[in-house]
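Take a look at the letters that make up each chain.
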Amino acid sequence: MTQQPTRICILGGGFGGLYTALRLSQFPWEKSQEPEIVLVDQNDHFLFLPLLYELLTDELQPWEIAPAFEDLLKDTKVRFCQGAVSQIEIENKQVKLQNNTEIDYDYLVLALGSETPLDFVPGAEDYAIPFRSLADVYRLEEQLRLLETSDQDTIRVAIVGGGYSGVELACKLADRLGEKARIRIIEQSEEILKTSPEFNREAATNALLEREVWIDLETTVSAVKSDKILLEYRGVINEIPVDLVLWTVGAQVSPIVRSLPLKQNKRGQ
Ligand SMILES: Cc1cc2nc3c(=O)[nH]c(=O)nc-3n(C[C@H](O)[C@H](O)[C@H](O)COP(=O)(O)OP(=O)(O)OC[C@H]3O[C@@H](n4cnc5c(N)ncnc54)[C@H](O)[C@@H]3O)c2cc1C
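How each quantity is defined
- Residues numbered from 1 in each chain as written.
- Predicted model: local features only at pLDDT ≥ 70, side-chain atom pairs only at ≥ 80, totals over all residues.
- Heavy atoms only, no water.
- Helix = DSSP H or I, 4+ residues; strand = E, 2+ residues; numbered from the N terminus.
- Expected span 1.5 Å × (residues − 1).
- Contact = heavy atoms within 4.5 Å.
- Axes fitted to C-alpha atoms, helices over the stretch in contact; angles between N-to-C directions.
- Parallel < 35°, antiparallel > 145°, perpendicular 65-115°, else oblique.
- Left-handed = near helix turned anticlockwise from the far one by under 90°.
- Nonpolar A, V, L, I, M, F, W, Y, C, P; charged D, E, K, R; others polar.
- Domains from an automatic or database assignment.
- Buried area = accessible area lost by both parts, 1.4 Å probe.
- Near = heavy atom within 4 Å.
- Polar contact = N/O pair within 3.5 Å; in protein donor to acceptor, adjacent residues only side chain to side chain.
- Areas by Shrake-Rupley, 256 points an atom, 1.4 Å probe, with all protein chains shown as cover.
- Buried < 20%, exposed > 50% of the residue type's maximum accessible area, 1.4 Å probe, protein only.

### Thoughts on helix α1 (residues 15-26)
Consideration 1: For α1, which comprises 12 residues, the first-to-last C-alpha distance of 16 Å matches the rise-based estimate of 16 Å (1.5 Å per residue) to within 8%.
Consideration 2: The inward-facing, buried residues of α1 contact β1 (7-11), β2 (36-41) and α3 (69-72).

So this is what it looks like as structure tokens:
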């Protein structure tokens, strides 16, 4: 009787999952020990997130930053399985997908990434757009096209978060919208890119000033509505009319990972 190979199941085909799969498949296994590697992702493509912004300015097209797993893995022995993970049974060593597929495993790699939490303030879930996936880009594109083809003289954008994502988005949108752009970054601390080296902070500040992006420091968002955002600065709340709100703050671990009966830190990792 031939023995079944050990199965390593990798959940999530982002940077963590895809590279784990590729490295494991390149490992010089003894023939008798070579494992079966299964990579699971809800999408049929990998997404190179650092270049997501360039889609907004047409510098890149989706196919350039979102290659299909089938193509990426075609010369490897990694088996790709498309499906959204719905449950992980640690005791039975089994993963269930939403399409009812069940995958038994010997070893499991959790690489499901994180999600942008939109439940911080009232209205964010309904009116703010996160920026983390192709679906988010398409949603934003649709809104931008509506605004660009309207007879409005200005397009008012509020970007919540003065981290890398907020700064890059602000610059790309300013380049795209040109003279119509009225963009503001809302940052709760006293500076943007708080955890970055001084050089990066200066370069980012200059890039934003050149493009006339306003920076609201020490300001928090208290609510988002369909056509305005409520900002709190030193205890005073101001209502600012906006056409678009983009939310770049926070990252939370996938609920599937959170619900596992395993030791976790405060962030659910
Ligand atoms: C816009 C943007 C720009 C960034 N730019 C940079 C940068 O310039 N430099 C840098 O170092 N970092 C950057 N980052 C951060 C970097 O992308 C992340 O640190 C990295 O992607 C984390 O890798 P990961 O494998 O943990 O998760 P991800 O790359 O997010 O991969 C998670 C994968 O899991 C899949 N998945 C999630 N849930 C399920 C489910 N239930 N079922 C099946 N599949 C699922 C997703 O489809 C995804 O493919 C950026 C992030 C964003 C959002």
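Further notes follow.
### Some points on the packing of helix α6 (residues 164-177) against helix α7 (residues 198-210)
Consideration 1: Packing of α6 against α7 brings their axes to within 10 Å, and their N-to-C directions diverge by 30°. The pairing of α6 with α7 is recorded here as roughly parallel in orientation. For α6 against α7, the interelement crossing comes out left-handed. In this structure, α6 contributes Y164, V167, A170 and C171 to the contact, and α7 contributes N200, A204, A207 and L208.
Consideration 2: Looking at side-chain class alone, the contact of α6 with α7 contains 7 nonpolar, 1 polar and no charged residues.

### Overview of the domain arrangement of the protein
Consideration 1: Parsing the protein into structural domains produces domain 1 (7-114 + 252-258) and domain 2 (124-247).
Consideration 2: Relative placement of domain 1 and domain 2: their C-alpha centres are 32 Å apart.
Consideration 3: Tallying the contact residues gives 13 residues for domain 1 and 17 residues for domain 2.
Consideration 4: Buried surface at the junction of domain 1 and domain 2, both sides included, amounts to about 1300 Å², of which 69% is carbon and sulfur.

### Here's the deal with the site of the ligand
Consideration 1: In the neighbourhood of the ligand, 20 residues make up the surrounding shell, with G14, G16, D41, Q42 and V85 lying closest.
Consideration 2: One nitrogen or oxygen atom from the main chain of G16 is found 2.7 Å from an oxygen atom belonging to the ligand.
Consideration 3: Protein burial of the ligand: of its 1000 Å² of free accessible surface, 66% is covered by the chains.
Consideration 4: A per-class count over the shell around the ligand returns 10 nonpolar, 9 polar and 1 charged.

### With respect to the environment of Q152
Consideration 1: As for its placement among the helices and strands, Q152 is situated in the loop between α5 (134-148) and β10 (155-160).
Consideration 2: Overall, Q152 belongs to the partly exposed group, its relative accessible area being 27%.
Consideration 3: Linking Q152 and V78, residues 74 residues apart in sequence, is a C-alpha distance of 51 Å.
Consideration 4: Discounting residues that sit within four places of it in the chain, Q152 has contacts with L147, K180 and D243.

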